[in-house]
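What follows is each chain in one-letter form.
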Amino acid sequence: MRILTDEQIHFYEQNGYVLTSGLIEDSVIQSGEKAMWRLMGADPTDKSSWTAATLAKGFSDPDISACFTAKVRAAAAQLAQEAISNFPQPEGSFVINVFPQAGEWKPQGMHIDHAIRSDDYSVFPRPLRVASITYLNDVNIHSGGTMVCPGSHKKIEALAKSDPARYEKMWQLNEELNSIGLGEPLELLGNQGDVLFYHYLTAHSGSMNVGNYPRLALVHKW
Ligand SMILES: O=C(O)CCC(=O)C(=O)O
């Protein structure tokens, strides 16, 4: 099943990410958002029930699982250049929910995934095929949006290949990110049900939410 257009695939290859719409039916993503509030034991209309700045945690739930539709998995498979049968529907997801916070908006630290030193992931072959972030609600300006450095995957791959012994591990590469010009980070805004896919070597980060509503998202690394 070809879900993404040639233009979207080309954009991903050039920029290291692609933000997609229309892969999840409205009713499915709305049920996903509702389930998230239920799982958090919080009420969208009652701020006193909201949690600290960020909630990062795994949840297993059928309404969360349902957000990983056949179209989402087909898009992931297309970007990873693998068969869709290698992308089964997960039973749940890790979530990163960014709640409103006082202060001046700023991005969090730019990084690549799978770079925790004790995990010891190698750079090659790729330790993950493609990363995805599914937005359970709209992402407005300075309200916890994902930041990406367009094209950084190419620069980071070139760095890794420049000295394979020095940059054998993801954590070694991650420590050197600031030594190369990653380019200006871009704050991605979007709508409920949009799915961001990014390459495993794309530099990215979360950002503070200084808006008035939480940013709720499923963060799944395939
Ligand atoms: O929460 C986000 O938007 C970014 C998540 C992130 O940086 C990560 O999963 O590594």
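The structure contained in this document is the topic of the report that follows. (Residues numbered from 1 in each chain as written. Predicted model: local features only at pLDDT ≥ 70, side-chain atom pairs only at ≥ 80, totals over all residues. Heavy atoms only, no water.)

The next point concerns the overall build of the protein. The helix and strand inventory of the protein stands at 6 helices and 9 strands. Taken over the C-alpha trace, the protein has a radius of gyration of 17 Å; the compact-globule value for 222 residues is 17 Å, and the two agree within 12%. If you line up the protein on its principal axes, its C-alpha atoms span 55 × 45 × 35 Å. Residues classed as buried in the protein amount to 48% of the 222 residues present. Taking the contacts inside the protein whose residues are at least 6 apart along the sequence as the reference set, 87% of them involve residues at least 24 apart. With the model as given, the accessible surface of the protein reaches about 10400 Å², and the carbon-plus-sulfur share is 50%. Seen as two clouds, the 18 positive and the 25 negative side-chain charges of the protein have centres 3 Å apart. (Helix = DSSP H or I, 4+ residues; strand = E, 2+ residues; numbered from the N terminus. Rg over C-alpha atoms; globule rule 2.2 N^0.38 Å. Buried < 20%, exposed > 50% of the residue type's maximum accessible area, 1.4 Å probe, protein only. Contact = heavy atoms within 4.5 Å. Areas by Shrake-Rupley, 256 points an atom, 1.4 Å probe, with all protein chains shown as cover. Lys, Arg positive; Asp, Glu negative; His and termini not counted. Charge placed at Lys NZ, Arg CZ, Asp CG, Glu CD.)

Near the ligand you find I96, H111, D113, I133, T146, Y198, H204, S205, G206, R215, V219 and K221, and these make up its full shell. Here an oxygen atom of the ligand sits 2.8 Å away from a polar atom, N or O, in the side chain of H111. Within the side chain of K221, one N or O atom sits 2.9 Å away from an oxygen atom of the ligand. In the complex, the protein chains occlude 91% of the 290 Å² of accessible area that the ligand would expose alone. Each residue belonging to the shell around the ligand can be placed in one class, and the counts come to 4 nonpolar, 5 polar and 3 charged. (Near = heavy atom within 4 Å. Polar contact = N/O pair within 3.5 Å; in protein donor to acceptor, adjacent residues only side chain to side chain. Nonpolar A, V, L, I, M, F, W, Y, C, P; charged D, E, K, R; others polar.)

Grouped together as the largest cluster of nonpolar side chains are 35 residues, with contacts concentrated most on M36, M40, V72, L79, V130, F197 and L218. For this core, the secondary structure elements donating two or more residues are α1 (6-15), α2 (26-40), β2 (54-60), α4 (70-80) and β7 (195-198). Not counting the four nearest positions on each side in its chain, M36 is found in contact with F59, I64, V95, N97, L136, L216 and L218. Counting residues in each nonpolar core, the second largest holds 27 residues, with L128, Y135, L159 and A160 among its members. (Core = buried A, V, L, I, M, F, W, Y, C linked by side-chain atoms within 4.5 Å.)

Looking now at the sheet that holds strand β6 (residues 186-187). On the basis of which strands lie adjacent, the open sheet formed by 3 strands has the order β6-β5-β8 and antiparallel pairing. In the strand order of this sheet, the two ends are held by β6 and β8 (204-205), each with one partner. One ladder, built from 2 bridges, connects strand β5 (residues 147-148) with β8; its direction is antiparallel. Residue pairing across strands places V148 opposite H204, the latter belonging to β8. (Pairing = 2+ DSSP bridges.)

On to the sheet that holds strand β4 (residues 131-135). Spatial strand order, β1-β7-β4-β9-β3-β2: 6 strands in an open sheet with antiparallel pairing. The open sheet has two edge strands with one neighbour each: β1 (17-20) and β2. On average, adjacent strands in this sheet sit at an angle of 20 degrees to one another, irrespective of strand direction. Where β4 meets β7, 4 bridges bridge the pair, whose relative direction is antiparallel. The partner of A131 across the bridge, within β7, is Y198. (Axes fitted to C-alpha atoms, helices over the stretch in contact; angles between N-to-C directions.)

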